[in-house]
Amino acid sequence: MTIKPPSPEQSQHWDSRFSEPGYAYGELPNDFLVEACRHMTGGDALSLCEGEGRNAVYLARLGFRVTAVDFSEVGLAKAQALAAKHGVTITTIVADLADFDLGIARWDLVLSIFAQPPSAIRQRLYRQMHQALRPQGRLVLETKVDLNAAGAERYPGVQILGEEMAPLTIALAREQERTLSEGRYHLGVQRTAQIVALNGLDELTD
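Let us look at the structure shown here. (Residues numbered from 1 in each chain as written. Predicted model: local features only at pLDDT ≥ 70, side-chain atom pairs only at ≥ 80, totals over all residues. Heavy atoms only, no water.)

Each helix and strand in the chain was counted, giving six helices and seven strands. For the chain, the N- to C-terminal ordering of α and β elements is α-α-β-α-β-α-β-β-α-β-α-β-β. A globule of 206 residues ought to have a C-alpha radius of gyration of about 17 Å, and the chain, at 16 Å, matches this closely. Viewed in the frame of its principal axes, the chain has a C-alpha envelope of about 40 × 40 × 35 Å. When the 206 residues of the chain are sorted by exposure, 50% land in the buried category. (Helix = DSSP H or I, 4+ residues; strand = E, 2+ residues; numbered from the N terminus. Rg over C-alpha atoms; globule rule 2.2 N^0.38 Å. Buried < 20%, exposed > 50% of the residue type's maximum accessible area, 1.4 Å probe, protein only.)

Right, here's the structure in full:
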């Protein structure tokens, strides 16, 4: 698989943020990820825009074979350090999502936690998703929502996101104001969309 690296302009902002001391979004996993994957115990997982590794390391600790993709080489180096701290192994790939190939029947789980690419890139990824996921594979997503006209294209709500994920089956979709407490950059009240989409009919266990 040929992987196109991000341009320096794309990675500069995130390299700068992830070069700051500590972990920008903390070391603990996103709480919706914990909720959505609480009954999963392993398989092949892909985390998009993983950053410094908090979610990838959590999945590795559950027994997943995790591949983490991000613009930032600095962020992924910290992800590897966090994995070593917890005694797990993850694979990291520095890549531009605009050209990233999800593969065919490759993943049991794809994770998109506050990965918010431009709409054209997001839609391209979602069009690949049903082929990239294995039967009964799962896409878990949380993203910011902007109800203002200026932000709606990049930060749409659950209705638009769910439509873009077809033909995946939407098992859970909710949009709400909630309080984030994830490191120093995700603090306070934020409207988010949370979705679990399945490749094929299935049921979530309560």
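Next comes the rest of the account.
Ranked by size, the top nonpolar core spans 30 residues in total, and within it Leu59, Val66, Leu109 and Val140 carry the most contacts. Those elements giving two or more residues to this core turn out to be helix H2 (31–36), helix H3 (54–62), strand S2 (64–70), helix H4 (73–85), strand S4 (107–113), strand S6 (169–182) and strand S7 (186–198). If near-sequence neighbours (up to four positions away) are discounted, Leu59 is found in contact with Leu33, Cys37, Ala45, Phe64, Val66, Leu109 and Leu111. Core analysis: the second largest hydrophobic core is formed by 26 residues, Ile93, Trp107, Val110 and Leu125 among them. (Core = buried A, V, L, I, M, F, W, Y, C linked by side-chain atoms within 4.5 Å. Contact = heavy atoms within 4.5 Å.)

As a further point, take the environment of Leu33. With respect to the helices and strands, the residue Leu33 is situated in helix H2. Taking the C-alpha atoms as reference points, Leu33 and Thr179, 146 residues apart in sequence, are found 15 Å from one another. Residues within four places of Leu33 in sequence aside, it is in contact with Asn55, Tyr58, Leu59 and Leu111.

Every disulfide links exactly two cysteines, by a covalent bond between their sulfur atoms. Summed over all chains, the structure comprises zero disulfides. Here Cys37 is not disulfide-linked; the sulfur of Cys49 is the nearest cysteine sulfur, at 17 Å. (Disulfide = S-S within 2.5 Å.)

Within this structure, the stated rule accounts for 14 salt bridges. Arg122 is paired through a salt bridge with Glu164; the nearest N and O atoms lie 2.8 Å apart. Remark: Glu164 occurs in helix H6 (residues 158–164) and Arg122 occurs in helix H5 (residues 119–132); sequence separation between them is 42 residues. We note that Arg122, like Glu164, is buried. The partner of Arg191 in a salt bridge is Glu175, with the nearest N and O atoms 2.9 Å apart. Taken as a pair, Arg191 in strand S7 and Glu175 in strand S6 lie far apart in primary sequence, 16 residues in all. (Salt bridge = Lys/Arg side-chain N within 4 Å of Asp/Glu carboxyl O.)

Scanning the model with the defined rule gives two aromatic pairs in all. Taking NZ or CZ as reference, Arg17 lies 3.7 Å from the ring centre of Tyr185, over its face. (Phe/Tyr/Trp six-rings, centres within 6.5 Å; stacked < 30°, edge-to-face > 60°. Lys NZ or Arg CZ within 6 Å of the ring centre and 35° of its normal.)

Pairing within the open sheet is mixed, and its seven strands lie in the order S3-S2-S1-S4-S5-S7-S6. Only two strands of the sheet have a single neighbouring strand rather than two, namely strand S3 (91–94) and S6. This sheet shows a mean twist of 15° between the axes of neighbouring strands, independent of strand direction. As defined by bridge partners, S4 adjoins strand S5 (residues 133–144) across six bridges and the pair is classed as parallel. Bridge pairing in S5 places Trp107 opposite Leu133. Strands in contact with H3 are strand S1 (43–48), S2, S4, S6 and S7; relative to S2, the strand with the most contacts, it is inclined by about 170°. On the sheet, H4 packs against S2 and S3 and is oriented at approximately 175° with respect to S3. (Pairing = 2+ DSSP bridges. Axes fitted to C-alpha atoms, helices over the stretch in contact; angles between N-to-C directions.)

Geometry only, nothing functional implied.
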